[in-house]
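Here are the chains, one letter per residue:
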Amino acid sequence: GAGVSQSPSNKVTEKGKDVELRCDPISGHTALYWYRQSLGQGLEFLIYFQGNSAPDKSGLPSDRFSAERTGGSVSTLTIQRTQQEDSAVYLCASSLTARRSPGELFFGEGSRLTVL
Amino acid sequence: KQEVTQIPAALSVPEGENLVLNCSFTDSAIYNLQWFRQDPGKGLTSLLLIQSSQREQTSGRLNASLDKSSGRSTLYIAASQPGDSATYLCAVGFYNTDKLIFGTGTRLQVFP
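Here's a quick rundown of the structure. (Residues numbered from 1 in each chain as written. Chains lettered and ligands numbered in written order. Predicted model: local features only at pLDDT ≥ 70, side-chain atom pairs only at ≥ 80, totals over all residues. Heavy atoms only, no water.)

**Brief notes about the interface of chain B and chain A**
Here is step 1: Residue-level contacts link 22 residues of chain B with 21 residues of chain A.
Here is step 2: Taken over both partners, the interface formed by chain B and chain A buries close to 1,800 Å², and the fraction arising from carbon and sulfur atoms is 50%.
Here is step 3: Contact with chain A buries surface across chain B, with Y31(B), D98(B) and K99(B) losing the most and accounting together for 33% of the total.
Here is step 4: Counting across the interface, chain B meets chain A through four residue pairs in polar contact (both at pLDDT 80 or more).
Here is step 5: Elements with a minimum of two residues in the side of chain B that touches chain A: β4 (30-38), β5 (44-51), β9 (86-94) and β10 (100-102) of chain B.
Here is step 6: Counted by class, the side of chain B that touches chain A contains nine nonpolar, ten polar and three charged residues. (Contact = heavy atoms within 4.5 Å. Buried area = accessible area lost by both parts, 1.4 Å probe. Polar contact = N/O pair within 3.5 Å; in protein donor to acceptor, adjacent residues only side chain to side chain. Helix = DSSP H or I, 4+ residues; strand = E, 2+ residues; numbered from the N terminus. Nonpolar A, V, L, I, M, F, W, Y, C, P; charged D, E, K, R; others polar.)

Here it is, written out as structure tokens:
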């Protein structure tokens, strides 16, 4: 596609439910990132995928969070047993790079998650 | 620890002013630096990308500079307009790390 696409744009869920957030990166981009932006806070790194390499999961806040990237393209971020502190905007970005250091990032519009 | 700081946190100026946003970082092993704009409720839009070998980049009314030795970057906005109102974020890519480290942003309001 022309840009990074994320869905859903908004998700309201009850505490304890599982949610899945989807990211479709720019075609051909090998690197994919998930960040979280809480109200009034900066961007918090969650996870990074690069090609077929093992993902960098160092930013995931707990074992309730997981992510996968199928076929080197679409990625799904899953949050199990959601808590109110999970409420945030989840941003996905992709980059055309094969190097160890990040290239120019292009972001999607984000998925706003509200946990009641 | 690699940290990125942005000053000021908020800025309000009348239309037409030239202004400077500041970004500082603690590690000189910088690979690149990227400036973004974020409108309320939206994602981030890339404005300028500066590689470590460059000193500045320009796009229209925007000019970003990079001084690795002092750990600073500035974003200069010329002849500001109300449409420039947004939050501006800088993000630093360091060597041998996968991720950009983001500052907390400068919230800019340009009033007519």
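**Structural notes on the packing of aromatic side chains**
Here is step 1: Per the stated rule, a full pass over the model turns up nine aromatic pairs over all chains.
Here is step 2: Ring centres of Y35(A) and F102(B) lie 5.2 Å apart, and the angle between their planes is 80 degrees; this geometry places the pair in the edge-to-face category. Taken together, the residues Y35(A) in strand β4 (residues 31-37) and F102(B) in strand β10 connect one chain to another. For the pair Y35(A) and F102(B), one class covers both residues: buried.
Here is step 3: Between F107(A) and F102(B), the aromatic rings sit 6.0 Å apart at their centres with planes inclined by 75 degrees, giving edge-to-face as the arrangement. In this pair, F107(A) is assigned in strand β9 (residues 106-107) and F102(B) in strand β10, connecting two distinct chains.
Here is step 4: Classification of F107(A) as buried rests on a relative accessible area of 10%. (Phe/Tyr/Trp six-rings, centres within 6.5 Å; stacked < 30°, edge-to-face > 60°. Buried < 20%, exposed > 50% of the residue type's maximum accessible area, 1.4 Å probe, protein only.)

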